[in-house]
Amino acid sequence: MVQILLINFASKIGAEVTMIWTSEVTHVIVATGENGACTRILKVLVAILNDKWVHKMDWVKACMEEMNHVQEEPHEITLDKEGCHCVKVAQKLAD
């Protein structure tokens, strides 16, 4: 179901969904737990190392509701299941 939603959204805005990492990846969408935290899977770590957005699925849903790209920050993953703040928002706050 989630993958179908992603593919539908991508086709509407001219984006591409890929299951492999490439230099063209701009956003990574991940599943989250009840507290909004994600698991440290390889795609999340690679995205962080490459300064890419890591989002909850609600970002895609918000974009679809607006039928437009919406602001990233409110939908960004800010915590992993280990309690680490290691994404864009956390990096900006530290700067």
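Residues numbered from 1 in each chain as written. Predicted model: local features only at pLDDT ≥ 70, side-chain atom pairs only at ≥ 80, totals over all residues. Heavy atoms only, no water.

### A word on the overall build of the protein
Looking only at helices and strands, the protein has four helices and two strands in total. Counting from the amino terminus, the protein carries its helices and strands in the arrangement α-β-α-β-α-α. Buried residues in the protein amount to 33% of all 95 residues. At a minimum sequence separation of 6, the contacts of the protein that also span at least 24 residues come to 52%. About 6400 Å² of surface is accessible on the protein, with carbon and sulfur atoms providing 55% of the total. (Helix = DSSP H or I, 4+ residues; strand = E, 2+ residues; numbered from the N terminus. Buried < 20%, exposed > 50% of the residue type's maximum accessible area, 1.4 Å probe, protein only. Contact = heavy atoms within 4.5 Å. Areas by Shrake-Rupley, 256 points an atom, 1.4 Å probe, with all protein chains shown as cover.)

### Quick notes on helix α3 (residues 57-66)
Within α3, the full set of buried residues consists of Met-57, Trp-59, Val-60, Ala-62, Cys-63 and Met-64. Downstream of α3 by one or two residues, Met-67 has phi in the positive range, about 55°.

### Comments concerning the packing of aromatic side chains
On inspection of all chains with the given rule, the structure shows one aromatic pair. Aromatic side chains Phe-9 and Trp-59 sit 6.2 Å apart centroid to centroid with 80° between the ring planes, which places their arrangement in the edge-to-face category. Taken together, the residues Phe-9 in helix α1 (residues 2-13) and Trp-59 in helix α3 connect sequence positions 50 residues apart. (Phe/Tyr/Trp six-rings, centres within 6.5 Å; stacked < 30°, edge-to-face > 60°.)

### Comments concerning a nonpolar patch on the surface
Side chains of Ile-7, Val-17, Met-19 and Ile-20 sit close together on the surface and give an oily, nonpolar patch of about 420 Å² of accessible area. Here Met-19 lies in the loop between α1 and β1 (27-30). Taking relative accessible area as the criterion, Met-19 reaches 69% and is therefore assigned exposed. (Patch = residues over 30% accessible without salt bridge, like charges linked within 9 Å, V, L, I, M, F, W, Y side chains within 5 Å. Salt bridge = Lys/Arg side-chain N within 4 Å of Asp/Glu carboxyl O.)

### Section: the nonpolar core
Soluble globular proteins: nonpolar side chains tend toward being buried together. Counting residues in each nonpolar core, the largest one holds ten residues, listed as Leu-6, Phe-9, Ile-29, Met-57, Trp-59, Val-60, Ala-62, Cys-63, Met-64 and Val-70. Secondary-structure elements contributing two or more residues to this core are α1 and α3. In terms of residue count, the dominant contributor to this core is α3 (six residues). By size, the runner-up hydrophobic cluster in this structure holds nine residues, among which are Val-25, Val-44, Ala-47 and Val-54. (Core = buried A, V, L, I, M, F, W, Y, C linked by side-chain atoms within 4.5 Å.)

### Some points on the layout of surface pockets
For the largest pocket, the calculated volume is near 930 Å³. Lining the largest pocket are 31 residues, and of these Glu-16, Val-17, Thr-18, His-27 and Val-28 lie nearest its centre. Among the secondary structure elements, those contributing two or more residues to the lining of the largest pocket are α1, β1, α2 (42-49) and α3. No other element matches α1, which puts six residues into the lining of the largest pocket. (1 Å grid on protein atoms, 1.4 Å probe; cavity = no way out; pocket = protein on both sides within 12 Å on 5 of 7 lines; lining within 4 Å. Points joined across faces, edges and corners; volume = space filled by probe spheres on them.)

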